[in-house]
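Summary of the model geometry
Chain residues, written in single-letter form:
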Amino acid sequence: QVQLVESGGGLVQPGGSLRLSCVASGFTFSSNPMSWYRQAPGKERELVASISGAGGFTNYADSVKGRFTISRDNAKNTVYLQMNSLKPEDTAVYYCTTFVDRRRWGQGTQVTVSS
């Protein structure tokens, strides 16, 4: 079955960095665009970044452009989100997602940016 497993979240100070990973299984990973979403307390889930199946096309939310980088390793069935210059407003649960028959979500990983 389709599985998406995120890791790499944690507590980091403002200005710090984290790299999130999402390992996928149960579908042809290289054929699927992948995305990262996030949801902060009391807010709706929002798109952070997306990447095409081959990795040649990416897009980002305006709020993270220039600070976050999405990438993928199709040999490892893994998508990454490198987050630099983190701000308190980046605090959220981050989810990996793709579409296989329907929208699929991982369990999420908590990112907390605080001094």
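I will try to describe carefully the structure that is included in this document. Since this is a predicted model, take the numbers as computed values, not measurements.

What follows concerns the sheet that holds strand E7 (residues 68–73). An order of E1-E3-E8-E7 is seen for the four strands of this open sheet, with the pairing classed as antiparallel. Pairing within the sheet leaves two strands with one partner each, and these edge strands are strand E1 (3–7) and E7. Going across the sheet, the axis of each strand differs from the next one's by a mean of 15 degrees, ignoring polarity. Of the pairings in the sheet, the one linking strand E3 (residues 18–25) to strand E8 (residues 78–83) comprises six bridges and is antiparallel in character. From the neighbouring strand, Leu18 faces E8, where its bridge partner is Met83.

With that settled, consider the packing of aromatic side chains. Scanning the entire structure with this criterion turns up three aromatic pairs. Relative to Phe29, the ring of Phe27 lies with its centre 6.3 Å away and its plane at 50 degrees, an arrangement referred to as tilted. Each member of the pair, Phe27 as well as Phe29, is classed as buried. Between Tyr37 and Trp105, the aromatic rings sit 5.2 Å apart at their centres with planes inclined by 80 degrees, giving edge-to-face as the arrangement. Pair noted here: Tyr37 is in strand E4 (residues 34–39) and Trp105 is in strand E10 (residues 102–105), with a separation of 68 residues, a long-range link.

Let's shift gears to the side chain of Arg104. Positionally, Arg104 belongs in strand E10. From its side chain, Arg104 meets the backbone oxygen of Val100 in a polar contact 2.9 Å long. Excluding residues within four positions of it along the chain, Arg104 makes contact with Val2, Leu4, Cys96, Thr97 and Thr98.

Rules used in this analysis
- Residues numbered from 1 in each chain as written.
- Predicted model: local features only at pLDDT ≥ 70, side-chain atom pairs only at ≥ 80, totals over all residues.
- Heavy atoms only, no water.
- Pairing = 2+ DSSP bridges.
- Helix = DSSP H or I, 4+ residues; strand = E, 2+ residues; numbered from the N terminus.
- Axes fitted to C-alpha atoms, helices over the stretch in contact; angles between N-to-C directions.
- Phe/Tyr/Trp six-rings, centres within 6.5 Å; stacked < 30°, edge-to-face > 60°.
- Buried < 20%, exposed > 50% of the residue type's maximum accessible area, 1.4 Å probe, protein only.
- Polar contact = N/O pair within 3.5 Å; in protein donor to acceptor, adjacent residues only side chain to side chain.
- Contact = heavy atoms within 4.5 Å.

In short, shape yes, function no, at least from these values alone.
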